[in-house]
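Fold and geometry: a report
Below are the chains, spelled out letter by letter.
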Amino acid sequence: MNYKHEIVIPNEDLTFRMFPFEGAEGKYRVLKHWHRSVEIYVIQEGSLNFYIDDTLYPMSPDTRPFILVNSNELHEIEAPVPNRTIVLQIPLKNFSGYLGEDDYIYFMRSRADSDEKIVKLIRDMFQVYEEKKYGYDLAVNGMFSLMLYEMVTEYKVNETDQELLRQNRNLNRLSDITNYIRKNYNQELSLDLVASQFGFSPAYLSRMFRKYASMNYKTFLQNLRLEYAVQELVETDHYIGDIALNHGFPNCKAFSSAFKARFGVLPGEYRRSLEKMAGNIQKDKKMTLR
């Protein structure tokens, strides 16, 4: 499975990111990933299956309306049915002055006597932010400060387990490495080259990928190249050979082989099926307008 490091970019007018969950329509899945920010989900309607380090936390407004994900915790979300969920992603700099060893902070997943306060604050913040009435930023930031206060006084764990700190350090390192690979994925990127860039031995870097990304380095890089190549294949009419070279594949044959192994068809067949589907949709629209 392809574990991804997600980069969190705050809203333009906030020091954190707040948004409605993108899987609101249901039949949606967010694959395992991690980020350095603390993340909070508040579900208002429907249900979610939330996995943190392979432990399932079913969510619904009545049973578990709120869940907190710590920095660098591997997590995955399944949305089998339509839902209405608010997501907050809080960069660690918001906890400046309260961070412990390795600039790390760890929170309890839940605290029954305080969860309702957090849920209400987030719902109110989101409503005010969506309405954007005069002075909304003052109200949102005020409620956000109250929420941070609740988190550091009621949820913060003061003595962090050494194993958690070790995993946090390793995922921070891997985050830096995967960010570098994403920026240079279409270049020649051997395991030896990336390892030397970060001062690791190739064997050590290989073990990191197998442990924390559950795949070897070569597969990770190939999947990343496919991810970008598929986007160009779908959005343009560029030659398949050019697409292959644009995204780091040595030739069209290597791209086609990797594509078929992943999707079960060749790139040309995939593009033709999309074109046929688009043509059928246009035909149906014309029939409807008659």
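What counts, and where the lines are drawn
- Residues numbered from 1 in each chain as written.
- Predicted model: local features only at pLDDT ≥ 70, side-chain atom pairs only at ≥ 80, totals over all residues.
- Heavy atoms only, no water.
- Helix = DSSP H or I, 4+ residues; strand = E, 2+ residues; numbered from the N terminus.
- Buried < 20%, exposed > 50% of the residue type's maximum accessible area, 1.4 Å probe, protein only.
- Contact = heavy atoms within 4.5 Å.
- Expected span 1.5 Å × (residues − 1).
- Arc of directions from axis to C-beta.
- Pairing = 2+ DSSP bridges.
- Core = buried A, V, L, I, M, F, W, Y, C linked by side-chain atoms within 4.5 Å.
- Salt bridge = Lys/Arg side-chain N within 4 Å of Asp/Glu carboxyl O.
- Phe/Tyr/Trp six-rings, centres within 6.5 Å; stacked < 30°, edge-to-face > 60°.
- Axes fitted to C-alpha atoms, helices over the stretch in contact; angles between N-to-C directions.

Concerning the overall build of the chain
Looking only at helices and strands, the chain has nine helices and nine strands in total. Every one of the 290 residues in the chain was classed for burial, and the buried ones make up 43%. Across the chain, every contact between residues at least 6 apart in sequence was considered, and the portion connecting residues at least 24 apart equals 73%.

With respect to helix α1 (residues 112-131)
Helix length check: α1 (20 residues) gives 30 Å between terminal C-alpha atoms against 28 Å at 1.5 Å per residue, within 8%. Within α1, burial applies to Ser114, Asp115, Ile118, Val119, Leu121, Ile122, Met125, Phe126 and Tyr129. Down the axis, α1 shows its buried residues gathered within 165° of arc, on one side only. Structural note: α1 exposes Asp113, Glu116 and Lys120 on the side pointing more than 90 degrees away from its buried face. Contact partners of the buried residues in α1: β2 (17-20), β4 (38-45), β7 (66-69), β9 (84-90) and α2 (136-155). Just downstream of α1 lies Lys132, where phi reads positive at about 50°.

Describing the pairing of β7
The alternating pattern of β7 places Phe66 and Leu68 on one face and Ile67 and Val69 on the opposite face, and all of these are buried. Of the pairings in the sheet, the one linking β4 to β7 comprises four bridges and is antiparallel in character. Bridged to Tyr41 within β7 is Ile67.

Some points on the nonpolar core
Counting 31 residues, the largest nonpolar core has Met18, Ile40, Leu88, Ile90, Phe95, Met147 and Met151 as its most contacted members. Per element, the largest residue contribution to this core is nine residues, and it comes from α2. Those residues in contact with Ile90, other than ones at most four positions away along the chain, are Phe16, Ser37, Val38, Ile40, Phe95, Phe144, Met147, Leu148 and Met151. If you look at the next biggest cluster of nonpolar residues, it comprises 21 residues, including Leu174, Ile177, Tyr185 and Ala195.

Topic: the pattern of salt bridges
This model, assessed by the stated rule, comprises eight salt bridges. Where Glu150 meets Lys117, a salt bridge forms, and the shortest distance between an N and an O atom there is 3.9 Å. With Glu150 in helix α2 and Lys117 in helix α1, this pair connects stretches of sequence that are 33 residues apart. Accessibility expressed as a relative area gives 11% for Glu150, which makes it buried.

Re the packing of aromatic side chains
Across all of its chains, the model carries 17 aromatic pairs by this definition. Ring geometry for Phe21 and Tyr41: centres 5.8 Å apart, planes at 65°, overall edge-to-face. In this pair, Phe21 is assigned in the loop between β2 and β3 (28-34) and Tyr41 in strand β4, connecting sequence segments 20 residues apart. The pair Phe21 / Tyr41 is uniform in exposure class, with both members buried.

A word on unusual backbone geometry
Glycine aside, a negative phi is what most residues show, and trans is what most peptide bonds show. Not every positive phi belongs to a glycine, and Asp53 is a case in point at roughly 50°. On the secondary structure map, Asp53 appears in the loop between β5 (48-52) and β6 (55-59). For Asp53, a relative accessible area of 38% translates into the label partly exposed. Positive phi outside glycine occurs at Asp54, with the angle close to 75°. Here Asp54 is to be found in the loop between β5 and β6. By relative accessible area, Asp54 is classed as exposed at 59%.

A look at the sheet that holds β9
Across the sheet, which stays open at both edges, the four strands sit in the order β2-β9-β4-β7 with antiparallel pairing between neighbours. The open sheet has two edge strands with one neighbour each: β2 and β7. Strand after strand, the sheet turns through a mean of 15° between neighbouring axes, direction not considered. Bridge count between β2 and β9: four bridges; the pairing is antiparallel. Its bridge partner being in β9, Met18 is matched across the sheet by Leu88. Across the sheet, α1 touches β2, β4, β7 and β9, and the angle it forms with β4 is around 80°. The strands touched by α2 within the sheet are β2, β4, β7 and β9, with β9 carrying the most contacts at an inclination of about 75°.

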